[in-house]
Amino acid sequence: MYARNRTFIRGATVKLICLVLTLASASIIRAAEHRNILLLVTDNQNRNDCGCYGNTQIRTPHIDRLAGEGVRFNYAFATTASCGPSRAVLYTGLLTSANGQYGHGHGVHTFRLNPKVTTVFQELHNHGYHTALLGKQHLSPESQYPLTFNEPVNGRDVMNMAAVGRRFIQNALNEDRPFCLVMGYSDPHPTSRDGHGWGIVKDFPDTPREVYDPELLNVPSYLPDRPWVREGLAGYYQQISRVDAGVGRILQVLKETGTDQNTLVIFTSDHGSSEPGAMGNHYEPGVHIPLIVRNPQQQTIPESSAMVTLADVTPTILDWAGIQSSQKLNGRSILPVLNNPNPTGWDEVFLNHVCHEVTMYYPMRTVRNQRYKLIWNIAWRLEFPNPIDTLSRKTWTKTIELNETTIGKRTVHRFLFRDELELYDLQNDPDELHNLASEPESRDLLNQMLQRLNARCKATSDPWLERHSIPNAETYGRHNRDWHSASITETTFRWVIRLDHCHQRNRSGDQQQHSCRRAVCRPQVTVCPRGCLKCLTVLGTRGLLYQ
């Protein structure tokens, strides 16, 4: 009897073990079938500042390795060169004018998504995904970003970010759920608002610190070659190398957890650097960004000429997850072009900017193909408002202090006071110095680009069209070109305003102070009896107005 019971128990135990192993195997199989996402987002990094994009001075071995395993996009763009608004585009698939977050959401700025907008996190959450955004978030409002895992972590402590990311992935595996993990790195965003502003100021455990010699670096053409600029560039590179170490570690985590073969990996930046001509601009250093996509289940090509933007990331993620978007998106999935180096219909992008901070209103709409770019500066009569991160550091403050007339290759005056339309031939003028909009031989090209711009604005239901009309090639506004060679003191510290259509005279015939209602000279104008112009400061900004 005892022997029979023992045989029964032994047989039951074996069956139980087999059942457990079968269930575990089924769970592993299901986990392997999950379509996971790893999105890596750096903070303020130009396209050219990775080794895989041709920079021979910066050390980014892990990002370069990822590029070797996936597709490197040569024409990828942020639609707006501002952190909060750009991330809103990234996580919604909607342009800034469509998603409602026109500027930063933190602090006094209080911009936030339109309540009707659905983020990629909401879409994934509704379909059972485990979601996390580690490090820098810049979410506004948080209610539209439902994260199932939201452990605070320093966005510059890249190794700890990877460790927390590992716990998140393991939780998803334990719950047998697909996951979407976003790593929001805080590097290479500047570490201060004064001085050159870059460089590692705090070391973290197990995180290497690369050192770059400022004297050996090549200064990008859009920046002045000055000692403080070189110091900043060395610190900026140092921070990118720290990000690279974090990228290498989280990719290793995918392998260690067995999820690397069913996880779509996307590496990109929210926009270009914080230097003048980059942040807040639609010039190339502000919007031309790195984008690498690795699809482990598809044979891909090394690089692509398809023109894409951050508005395409959410549609790509949803496509990978097999989810139909609940709203009409401005972007589209790039998965279909990962094995086509020159796909048709991917030869144009549309960029859309409103402001950086609440005090920095300067809306721009841009259409760009592989050769030409047209920028519509809607508020062109305003002085361009440098973001505070740019305005307070040496690249800019030293330019003003030394009364220099150029910032990089561009004149300071043309940087601050822009024509309503800017048309550039990027093939022959990569630094965007020669505005072709006024050239008679470029009239046909300008009209074609204006038609494309108008079509894209209408297709995205741009609310700015309710008040502003896209100008034509004959009547767009231009700043007086006679003032291009004026010095800093003449252009930055006084206003010059046309008064011939709005001045009033008192009974003695002298000109007097008058508030003009016309948009062209809306600020209050003061003129002395002799007819000369007095200096003004209007709304805390200074500049030069014409027409």
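(A) Geometry of the overall build of the protein chain. Helix and strand counts for the protein chain stand at 14 helices and 16 strands. Here the protein chain holds 547 residues, and the buried ones make up 58% of them. At a minimum sequence separation of 6, the contacts of the protein chain that also span at least 24 residues come to 71%. For the protein chain, the computed accessible surface area is about 23,500 Å², with 49% contributed by carbon and sulfur atoms.

(B) Summary view of the packing of helix α6 (residues 158-174) against helix α7 (residues 227-256). Relative orientation of the contacting elements α6 and α7 amounts to 20 degrees, with a least axis distance of 8 Å. By the angle between their axes, α6 is roughly parallel relative to α7. In this structure, α6 meets α7 at a crossing whose hand is right-handed. Of the residues in α7, those in contact with V158, M159, A162, G165, R166 and I169 of α6 are R242, V243, A245, G246, R249, I250, V253, L254 and E256.

(C) Representation of the confidence of the model for the protein chain. Residues with a pLDDT of 70 or more make up 82% of the protein chain, whose mean pLDDT is 86. Across residues 19-29 the pLDDT falls below 50, and counting only partners more than four positions away or on other chains, this stretch makes one contact in the model. With pLDDT under 50 throughout, residues 482-547 is counted as low confidence; its partners more than four residues away or in other chains account for 110 contacts.

(D) Just the pairing of strand β5 (residues 263-269), in detail. Extensive coverage of β5 is indicated by the burial of seven of its seven residues. Both faces of β5 are covered, namely the face carrying T263, V265, F267 and S269 and the face carrying L264, I266 and T268. With seven bridges connecting them, strand β1 (residues 36-42) and β5 associate as parallel partners. Among the inter-strand pairings, V41 is bridged to a residue of β5, identified as T268. In this sheet, strand β7 (residues 291-294) lies alongside β5 in antiparallel orientation, the contact comprising four bridges. The partner of F267 across the bridge, within β7, is I292.

(E) Spatial organisation of the pairing of β1. Of all seven residues in β1, seven are buried; the element is thus mostly enclosed. Neither face of β1 is left uncovered, since the one carrying N36, L38, L40 and T42 and the one carrying I37, L39 and V41 both have all their residues buried. In this sheet, strand β4 (residues 179-184) lies alongside β1 in parallel orientation, the contact comprising five bridges. Of the residues in β4, the one forming a bridge with I37 is C180.

(F) Spatial organisation of the environment of A311. As for its position among the elements, A311 is in the loop between β8 (303-309) and α9 (313-321). Expressed as a C-alpha distance, the spacing of A311 and T92, which sit 219 residues apart in the sequence, is 7.3 Å. Those residues in contact with A311 that sit more than four places away from it in its chain are V89, G93, G331 and R332.

(G) Looking closely at the side chain of E404. With respect to the secondary-structure elements, E404 resides in the loop between α11 (394-401) and β12 (406-407). Only 3.0 Å separates the side chain of E404 from the side chain of R226, close enough to count as a polar contact.

(H) Representation of the nonpolar core in the model. Among the nonpolar cores identified, the biggest contains 44 residues, and L39, F73 and Y91 are the most heavily contacted of them. Looking at which element gives the most residues to this core, the answer is α9, with five residues. Contact partners of F73, with chain neighbours within four places excluded, come to Y53, L291, V293, S304, A306, V308, I334, V337 and L338. Counting residues in hydrophobic clusters, the runner-up holds 34 residues, among them L40, C52, F168 and M183.

(I) α9, seen in detail. Among the nine residues that make up α9, eight are buried, leaving the element largely enclosed by the rest of the structure. Looking at the buried positions of α9, the neighbouring elements they touch are β1, α3 (83-92), α5 (120-126), β5 and β8. Taken from the residues just after α9, G322 is the one with a positive phi, measuring 75 degrees.

(J) Up close: the pattern of salt bridges. Enumeration over the complete set of coordinates arrives at 27 salt bridges. Here D225 ties to R230 by a salt bridge, and the two come within 2.8 Å at their closest N and O atoms. Three or more residues joined by partner-sharing salt bridges are found here, namely D43, R87, K136 and D270.

(K) Region of the structure containing helix α13 (residues 443-459). Between its first and last C-alpha atoms α13 spans 24 Å; for 17 residues at 1.5 Å apiece the expected length is 24 Å, and the two agree. Along α13, the residues that are buried comprise L445, L446, M449, L450, L453 and C457. Each buried residue of α13 sits inside an arc of 130 degrees when the element is viewed along its axis, so together they form one side. In α13, those exposed residues whose orientation departs by more than 90 degrees from the buried face are D444, Q451, K458 and A459. In this structure, the buried residues of α13 make contact with β9 (349-355), β10 (361-368), β11 (372-377) and β14 (421-425).

(L) Main features of the sheet that holds β10. One open sheet accounts for four strands, arranged β9-β10-β11-β14; its pairing is antiparallel. Two strands bound the open sheet, and with one partner strand each, they are β9 and β14. For this sheet, the mean angle separating the axes of adjacent strands, direction not counted, is 15 degrees. Where β11 and β14 come together, five bridges link them in antiparallel fashion. Paired with W376 across the strands is L421, a residue of β14. On the sheet, α13 packs against β9, β10, β11 and β14 and is oriented at approximately 60 degrees with respect to β11.

(M) How the structure looks around the packing of helix α2 (residues 61-69) against α7. Two numbers describe how α2 lies on α7: the axes approach to 7 Å, and their chain directions differ by 50 degrees. In terms of orientation, α2 lies oblique with respect to α7. For the pair formed by α2 and α7, the contact residues are P61, H62, I63 and L66 on the first element and D244, A245, V247, G248 and L251 on the second.

(N) Expanded view of the packing of aromatic side chains. Within this structure, the stated rule accounts for 14 aromatic pairs. On the numbers, 6.4 Å between centres and 70 degrees between planes, the contact of Y102 with F111 is edge-to-face. Taking relative accessible area as the criterion, F111 reaches 17% and is therefore assigned buried. The residue whose ring lies beneath R393 is W198, and the NZ or CZ to ring-centre distance is 4.4 Å. When the ring centre of Y283 is taken as reference, the NZ or CZ atom of R410 above it lies at 3.9 Å.

The rules behind the values
- Each chain has its residues counted from 1, following the order in which its sequence is written.
- Local features are withheld for residues below a pLDDT of 70 in this predicted model, meaning they are given only at 70 or higher, and side-chain atom pairs are given and counted only at 80 or more; totals for whole chains, interfaces and linings count all residues.
- Side-chain metrics in this entry use all non-hydrogen atoms of the structure; hydrogen atoms and water are not considered.
- Helix numbering and strand numbering both begin at the N terminus, where a helix is a DSSP run of H or I of at least 4 residues and a strand a DSSP run of E of at least 2.
- Residue exposure (1.4 Å probe, protein chains only): buried if accessible area is under 20% of the type maximum, exposed if over 50%, otherwise partly exposed.
- Whether two residues are in contact is decided by their heavy atoms: any pair within 4.5 Å suffices.
- Residue exposure ignores everything except the shown protein chains as possible cover, and the areas themselves are Shrake-Rupley values with a 1.4 Å probe.
- Each axis is a line fitted through C-alpha atoms, taken for helices only over the stretch in contact, and angles between the N-to-C directions span 0 to 180 degrees.
- In this scheme, roughly parallel covers angles under 35 degrees and roughly antiparallel covers those over 145, while 65 to 115 is roughly perpendicular and the rest are oblique.
- Rotating anticlockwise by less than a right angle from the far helix to the near helix defines a left-handed crossing, while the corresponding clockwise rotation defines a right-handed one.
- pLDDT measures how confident the predictor is about each residue, on a scale from 0 to 100.
- Two strands are counted as paired when DSSP detects at least two bridges linking them.
- Pairs of N or O atoms are called polar contacts if they sit within 3.5 Å, as long as, within protein, a hydrogen donor faces a hydrogen acceptor (for residues adjacent in sequence, only side-chain-to-side-chain pairs).
- For this analysis, a nonpolar core means a set of buried residues of the types Ala, Val, Leu, Ile, Met, Phe, Trp, Tyr and Cys, connected via side-chain atoms within 4.5 Å.
- Salt bridges are defined as contacts in which a side-chain nitrogen from Lys or Arg sits within 4 Å of a carboxyl oxygen from Asp or Glu.
- A helix is expected to reach a length of 1.5 Å times the quantity of its residues less one.
- Directions are taken from the helix axis to each C-beta atom, and the arc is the one they span.
- Pairing of aromatic rings covers Phe, Tyr and the six-membered ring of Trp, with a centre-to-centre limit of 6.5 Å; geometry is then stacked below 30 degrees between planes, edge-to-face above 60, and tilted otherwise.
- Only when the NZ atom of a Lys or the CZ atom of an Arg is both within 6 Å of the ring centre and within 35 degrees of the ring normal do we say a charge sits over the ring.

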